[in-house]
Amino acid sequence: MATRRSVPRTTSAPLPGIGTLHVLAARDGHHVGVIRHDDDRRELVVYDPADPDTRLTGVLLTAAEARTVAELVGTTGPMTHCARLDRHTDGVAVLQVLIGADSPRVGRPLTGTGVAGATVIAVVRDEHVVPSPGQDLRCRAGDIVVVIGRPDAAFEVIDSVTAA
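Residues numbered from 1 in each chain as written. Predicted model: local features only at pLDDT ≥ 70, side-chain atom pairs only at ≥ 80, totals over all residues. Heavy atoms only, no water.

A. Just the side chain of H37, in detail. Relative to the assigned elements, H37 resides in strand β3 (residues 31-37). H37 has contacts with I18, G19, R42, E43 and L60, leaving out every residue within four places of it along the chain. (Helix = DSSP H or I, 4+ residues; strand = E, 2+ residues; numbered from the N terminus. Contact = heavy atoms within 4.5 Å.)

Written as structure tokens, this is what we have:
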């Protein structure tokens, strides 16, 4: 049986008048955030591992500094796929994942992405929604794949959509 690679769990939340907060829950229990300010600045935020709501420190970066940090850590993560959790209530998750230009899924069908407890319900392509896409629909760069289901199963579908 093949082992699936783990997709990092991220959440996004609007910060009215400021920008958007993106938080990565690392496998080791730490939470690291990036605030994308409306004026194109970025802020790295590190949270207390004992209390993920408590900010330990932050570093405000210019756009050029943010690009330098991205180059240092590599660009194969969020540049390839960006998963977003829209809702997580009553045991139901709605997830979206962007298929980037360098994604291994580009040109490949959605075949093999089904998981018990979650399903791909739509693909957003060129501002058009393709509801209930068939397993033979081939992904394109810029597609947004929308998944609904139990949270654990929905993340497993996202894992299969983003796998090479």
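That was the structure; now back to the text.
B. Local environment of the pairing of strand β1 (residues 9-15). Here seven bridges tie β1 to strand β2 (residues 19-25), and the two strands are oriented antiparallel to one another. Paired with P14 across the strands is T20, a residue of β2. Counting the residues between successive antiparallel strands, the hairpin from β1 to β2 contains three residues, one of them, G17, with a positive phi of roughly 80°. (Pairing = 2+ DSSP bridges.)

C. Focus on the sheet that holds β3. The strand order across the open sheet formed by five strands is β1-β2-β3-β4-β5, and the pairing between neighbours is antiparallel. The open sheet is flanked by β1 and β5 (51-61), the only strands paired with a single partner. The mean inter-strand angle of the sheet, taken between neighbouring strand axes irrespective of direction, is 25°. The pairing of β3 with strand β4 (residues 42-48) spans five bridges and is antiparallel. Among the inter-strand pairings, V34 is bridged to a residue of β4, identified as L44. Across the sheet, helix α1 (residues 63-73) touches β4 and β5, and the angle it forms with β5 is around 115°. (Axes fitted to C-alpha atoms, helices over the stretch in contact; angles between N-to-C directions.)

Remember, this is a structural readout, not a statement about activity or role.
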